[in-house]
Each structure stands twice: as structure tokens, then as C-alpha cells.
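# Inside the fold
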Amino acid sequence: MTSAGKENSVDFIREIVERDIREGKHGGRVHTRFPPEPNGYLHIGHAKAFCIDFGIAEEYGGLYNLRFDDTNPVKENIEYVDSIIKDIKWLGFDWEDRLYYASDYFERMYAYAEQLIEKGAAYVCDLPADEVREYRGTLTEPGRNSPWRNRSVKENLDLFQRMKSGEFPDGTRTLRAKIDMASPNMNMRDPAIYRILKKSHHRTGDRWCIYPMYDYAHCLEDSIEEITHSCCSIEFEDHRPLYDWFLDQLDIFHPQQIEFARLNLTYTIMSKRKLAMLVENGLVSGWDDPRMPTLSGLRRRGYTPEAIRDFIGRIGVAKRDSTVDMALLEYCIRDDLNKRAPRFMAVLDPLKVTIENYPAGKHEELEFINNPEDESAGTRMVPFSRELYIERDDFQEEPHRKFRRLAPGKEVRLRYAYLITCVDFVKDENGNVKELICRYDPETRGGSTPDGRKVKGTLHWVSAEHAVPAEVRLYDRLFTVENPLASGSFTDTINAESLKVLSRCRIEPSAADLAIGEPVQFERKGYFCKDPDSTEEKLVFNRTISLRDTWKKILKNQN
RNA sequence: UGGGGCGUCGUCAAAUGGUUAAGACACAGGGUUUUGGUCCCUGCAUUGGGGGUUCGAAUCCUCCCGCCCCAGCCA
């Protein structure tokens, strides 16, 4: 509770690691791993996991491996392998030459299984899946021993070898650990450790037709790589006795499994299966849809690795179930981008303004500060002329009493340009304002007021003849409720307005040749980046996140 | 209901029996400001509940309540 105490406070995993180092366990060595199954795209929940795994190794001078847990060829493929590598690298981690695959260990795993059989700790079971289920018992009733439980070592060895050589069809036999069918822990009721799967594997092809199960494979992978601290999520807590059992039976290097809570975020979902459903049903454009909590989606949206890492650091690590407020993630990206994103002018919903006392045909270049938070970002020149566009909602015919922007007879500042006063406006046949007539004060070039008069409102603008057209995509939360899984089908609460496409936007000329994905701020509107959908003819920008909007809050609090 | 885990501000999350229970986000109010942004200031919990141990309890004991996970030949 002292200030020193606060600074030294670390999460419970780091506490374990620090104690192990202090006590010289494994010679003070720290070696972690992140073991994704290549069966889908990574989301921000995975980022929490590998930031913990890799972050701990980095912090304590250890090493970390990336290991694909590819023990189920039915669900895995190379496309996922590639995307996972890309996403983790994007977050800034480098596992050097320590990229491994569980499938590289199949031979050794098979040999270990033979050892288990030899010592009577595993047997070939001929029960079909539904009977295994019956024999397993229930949460409250113990299971019964399989009739095949007491085969001889010789017969087991023979049968297991024949399973491997493809003699038996899928599902007809399994190799099972011989533990305790009456264990209160369901995981210990003779779990399957090998199943027959005549399916070719993305790395081992058709070399194998039996594949190891997670509980058996995972501890061996960790052991083979001499991982010291094997972190995983909380649902594996009651698999730990099994993890330990295999390693003890085999008497091999024994890592420590440590479990922590998964990440949940408000207004989104983190289940790979459900995210896949959104993709398959066309509810989003793909795994990298900017509304998705996937790393590829966040990247396309304009989130930076720095912001995501900052977020992961802020949410902490513990064991209790929790749901982090999306507002924290939004805070992190704003905070990062505020410091580094160069500012540009973009009018999303244009309203024409004519400066009647500004000469037609004239134009001048005005100096703009690129980033008020970063002097080294320098300045740029922006063209100004008689006809401009401003944001439609920066004008009110009958202004709200706290409205600081343009209205008939009112004066505002055009950012870094001039002070202008609205003298008239023109409506179309439907009664909508279609043009403002204003006068400018030539003494106020750059937006300063030599006479010292104060102007409350400052508007962004673009020169009509110089501005470049663009499409801007505004994103909102994917779901309308904090917890989409709380009731009924999660698709019921999908936010129908999570994507809004504005096709008539105008951006200042210098923003046209931004690189794809490069973060910028469109002044007063938020942070944006150019989308890969952009072409020579058509610019497309994604809004990463809006600026905090106090004005909107004022209006909301009034109602 | 068997087993395993977890309950501290609206949301995350510190605290390791010892002064007024950190901090961040959110929220509310105020100041500065050529972005209604940023920045700055202020406010904002006696720890799921009851008993007990102790000079002293979020921390220890006990009973209760609530939430999560487990009955794949998925991971």
C-alpha cells in the first residue's frame, strides 16, 4: 500500500515466476510458449494470452516459443498458420528460430505412448464413442471400467501398432490412459489419448492416421521444449492433474501449468466459433472486417500494435471471470493516436460555403500545424479559395443555445484560415440548406484576431476546387448490448448500424496519397486510415475511432 | 447435485493481518485551448452475507449465498 508497494505489485503469474527465479527452479531459467491451434484467426483475447506468455519471457530475460498445436487435421490448415504468424509479428514479438509444431513431435509422442502401454498405464479400447460416454458415468455417478481395460501389454502394443498402420477404420478404437473411472474429476476417467483419423494433415500429409489428443499431446510438447511456465486459460484448470499425470508416468521434464482468466470485452464476442458464424453468414465482410475483434480486423480498422499492447497491460491478469469495458480499448487507441497521428482536414457531410468578398479565381496556401502534440511533425500548406465545404452539422439555422458553430449572423473561425460571418443561406426546393453565403475578415489570416476578439467556434473545411472525393466508412460497436451472449441468440443483438458508408466526403489534397493503414486524424472527426479497398479512382477511409465528443454529451444529457 | 475455480468502486484491478482500501477506464463538475480533441484540477467503494479469532481483518477460521468450468474419439 505504500507507493513502493504499488510499483512493485505484479500479477499472480509474475509472482510465481519471480519466486521460481529467486529459488533457482530450472536454474532460474524462464521459457514460455504460445500454443495456438491453427484453426482460425487470432482475436484480441489471444493477444492477451501471448502478451502474457511472451511478455513474461521478455521481462525476465527468458525465451519464448511459438508452437502450433496441430493435433487435429480435421480443423486445421496452413492459411491459419500464416495469419497467426502475421498477427503475432504485427504485435511486435519475435520468437527467432523457435517456431515449432506439435506435429514435429508425433514420432516421439508415439514412443511415449508405447512406454505408457508397457508400464500398464494405457490400453487400447474397442468401445465406440457412444459406449465410452455411457461407461464414463456422470458428474454425480462414477464411471465403469471398459471391458478392454485389462488387455495384456503385448496385445495392447500389437493393437496400437495396427491402429497406427491403418488397419482399423476411424472411430473403432482408441488408446486410453488407465487412470480411474471413479475419479470425481471427469478428465481422469481413462481419457482417450489417441484416436484414429484417416485424414491428411497439413504438415505430415498421410504419414499418420492416428492423432494424439490435447491432454496427452500438450504436456509432452511443453516438456520436449523444456518450457518452464505453461500458461493457459482457466477452463484447463481441472486438466492440470492429467497434465501432471502424464509427465509423472513418463518421468520427464515437468513444466508448471498456470491458468488465468480469458479476456471478455463488452459489445463483442470472443468465441472463435461464433465469429466464424458471422463471417459465414455474411453478417460481416470477413475475418478482417474492421468491426471484428480479430487482430486482422483491428489492424484494418486502424488500431496500432502499441495501443493493443497498452490495453493488454492495463487490463491485468487474474483468475476471476471478467468483462473489460470496450471504452478502455477505445481510450488506448485514442491515447496512442493523439500523440502520433498527423492531422488533416476532411469534410464528411459537405455543405457548400461561398465567401462573397473573396475574389473568384484567387487561391492561397495557408500553413497548417501537422500535429499540435508533436512539434517535430512540422507544418504543411493547404489551399484556400472562395468556395469551400464545411460540415453540414456545423451550421444551424436556429442555433441551440450552447451551439458555438455557424448560424445566420454568427462569426466563426475556419481553422488556420480566416474568421467568417454567415450573412445568408440558400435552400433547395425541399427546404434543405444547400449553400451558405459568408464574408471573411482579411485581417484574420491564419485564424488569429489582431483586435483580440474571441471566437468560440473553430471549424474544419476544405477548398471546393482542390478537395479530393472519398468514401468514408464509419464503424460502431458490432452489438447493441454489453453482453451479446446474455440472452437468446447472439445474432439478435447485432447492431444494424455498425457500418455507415459516407460516399460524398471531401478530403484535403495532401491526404490523398497516404499509405494504406497509415493512421491520421481528420480534425474534429476522429482517427482514420486508408482502407485496402482504395483504388486509383476511389479513396476509401475507415474511421478507427471518433474523438471524444463533449458536444454530443451535452445534447444527450439535455434529453 | 460430484469435482475444480472465483466473488474488492459502474468496469478492470492493487492489497500478502497494521496509518484515511492504490491506480486506470467510465461517469459528474470546473479550468486552459485556433480540434466541443489534448492537457490540468475536483468528486466518485469500508471489500457477496452472517458469525468468530485478534489491540487490529479485504486478508485468518466458520457457516451461508452467488457466478464460472468439467460428462468430445475438440483445443
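## So, helix H5 (residues 106–118)
For H5, which comprises 13 residues, the first-to-last C-alpha distance of 18 Å matches the rise-based estimate of 18 Å (1.5 Å per residue) to within 8%. Listing the buried residues of H5 in full gives Phe-106, Met-109, Tyr-110, Tyr-112, Ala-113, Leu-116 and Ile-117. Seen from one end, H5 has its buried residues packed into an arc of 160°, which puts them on one side. In the segment just after H5, Gly-120 is the residue with positive phi, at about 75°.

## Thoughts on the sheet that holds strand S19 (residues 458–459)
The strand order across the open sheet formed by seven strands is S19-S16-S17-S18-S12-S15-S20, and the pairing between neighbours is mixed. Each having just a single partner strand, S19 and strand S20 (461–463) make up the two edges of the open sheet.

## Thoughts on the pairing of strand S17 (residues 419–427)
In terms of strand pairing, strand S16 (residues 411–414) meets S17 through three bridges, oriented antiparallel. Following the sheet pairing, Glu-411 is matched in S17 by Thr-421. Adjacent in sequence and paired antiparallel, S16 and S17 are bridged by four residues, among which Tyr-416 carries a positive phi angle near 60°. By the bridge criterion, seven bridges tie S17 to strand S18 (residues 433–440) in an arrangement that is antiparallel.

## Notes on unusual backbone geometry
With phi around 60°, Tyr-416 is a residue other than glycine that occupies positive phi space. For Tyr-416, the position within the fold is in the loop between S16 and S17. We classify Tyr-416 as buried; its relative accessible area is 14%. You will see that Arg-524, though not glycine, has its phi angle at about 70°, which is positive.

## What to know about the pattern of salt bridges
This model, assessed by the stated rule, comprises 47 salt bridges. Across the pair Arg-162 and Glu-167 runs a salt bridge, and its minimum N-O distance is 2.7 Å. Given a relative accessible area of 43%, Glu-167 falls into the partly exposed group. In this structure, Arg-314 and Asp-310 form a salt bridge, with 3.0 Å as the shortest nitrogen-oxygen distance. One end of the pair is Arg-314 and the other is Asp-310, both in helix H12 (residues 305–315) and four residues apart, which spans about a single turn. The class of Asp-310 is partly exposed, set by a relative accessible area of 27%. Beyond isolated ion pairs, a larger network of salt bridges with shared partners links Asp-288, Arg-300, Glu-471, Arg-473, Asp-531, Asp-533 and Lys-538.

## Things to note about empty space enclosed by the protein
Per the counting criterion, the structure on display carries one cavity of 30 Å³ or more. If you add up the space inside the largest cavity, you get close to 40 Å³. Lining the largest cavity we find Tyr-214, Asp-215, His-218, His-239, Tyr-243 and Gln-257. For the lining of the largest cavity, a count of residues per class yields two nonpolar, three polar and one charged.

## Overview of the sheet that holds strand S10 (residues 343–344)
The seven strands lie next to each other as S10-S23-S24-S25-S21-S22-S11, forming an open sheet whose pairing is mixed. Looking at which strands have only one partner, the edges of the open sheet turn out to be S10 and strand S11 (346–347). Bridging between S10 and strand S23 (residues 520–522) involves two bridges; their strand directions are parallel. Looking across to S23, one finds that Arg-343 is bridged to Gln-521. Sheet strands in contact with helix H13 (residues 326–340) are S10, strand S24 (526–530) and strand S25 (540–545), and its direction is about 115° off that of S25.

## Some details on the packing of helix H3 (residues 44–59) against H12
Running from amino to carboxyl end, H3 crosses H12 at an angle of 80°, the nearest separation of the two axes being 10 Å. In terms of axis orientation, H3 runs roughly perpendicular to H12. Residues Ile-44, Ala-47, Lys-48, Cys-51 and Glu-58 of H3 touch H12, and the partners they reach there are Ile-308, Arg-309, Phe-311, Ile-312 and Ile-315. Split into classes, the residues belonging to the contact of H3 with H12 amount to seven nonpolar, no polar and three charged.

## Quick notes on H13
End to end, H13 covers 22 Å across 15 residues, agreeing with the expected 21 Å (1.5 Å per residue, within 8%). Within the span of H13, buried status applies to Met-326, Leu-329, Glu-330, Cys-332, Ile-333, Arg-334, Asp-336 and Leu-337. Elements in contact with the buried residues of H13: H3, H12, S10, S24 and S25. For H13, the N-terminal capping position is held by Asp-325, with its side-chain oxygen 2.9 Å away from the main-chain nitrogen of Ala-327.

## What to know about the packing of H5 against helix H8 (residues 214–224)
Direction vectors running N to C along H5 and H8 enclose 115°, while the axes themselves pass 11 Å from each other. In terms of their interaxial angle, H5 and H8 are classed as roughly perpendicular. The interaxial crossing formed by H5 with H8 has right-handed handedness. Along its contact with H5, which presents Arg-108, Met-109, Tyr-112, Ala-113 and Leu-116, the element H8 presents Tyr-216, Ala-217, Leu-220, Glu-221 and Ile-224.

## Here we look at the side chain of Asp-190
Along the chain, Asp-190 turns up in the loop between strand S5 (174–177) and strand S6 (192–196). Reaching out from Asp-190, the side chain makes a polar contact with the backbone nitrogen of Ile-179 at a distance of 2.7 Å. Residues in contact with Asp-190, not counting those within four places in the same chain, are Tyr-123, Arg-149, Arg-176, Ala-177, Lys-178, Ile-179, Asp-180 and Met-181.

Conventions used here
Residues numbered from 1 in each chain as written. Chains lettered and ligands numbered in written order. Predicted model: local features only at pLDDT ≥ 70, side-chain atom pairs only at ≥ 80, totals over all residues. Heavy atoms only, no water. Helix = DSSP H or I, 4+ residues; strand = E, 2+ residues; numbered from the N terminus. Expected span 1.5 Å × (residues − 1). Buried < 20%, exposed > 50% of the residue type's maximum accessible area, 1.4 Å probe, protein only. Arc of directions from axis to C-beta. Pairing = 2+ DSSP bridges. Salt bridge = Lys/Arg side-chain N within 4 Å of Asp/Glu carboxyl O. 1 Å grid on protein atoms, 1.4 Å probe; cavity = no way out; pocket = protein on both sides within 12 Å on 5 of 7 lines; lining within 4 Å. Points joined across faces, edges and corners; volume = space filled by probe spheres on them. Nonpolar A, V, L, I, M, F, W, Y, C, P; charged D, E, K, R; others polar. Contact = heavy atoms within 4.5 Å. Axes fitted to C-alpha atoms, helices over the stretch in contact; angles between N-to-C directions. Parallel < 35°, antiparallel > 145°, perpendicular 65-115°, else oblique. Polar contact = N/O pair within 3.5 Å; in protein donor to acceptor, adjacent residues only side chain to side chain. Left-handed = near helix turned anticlockwise from the far one by under 90°.

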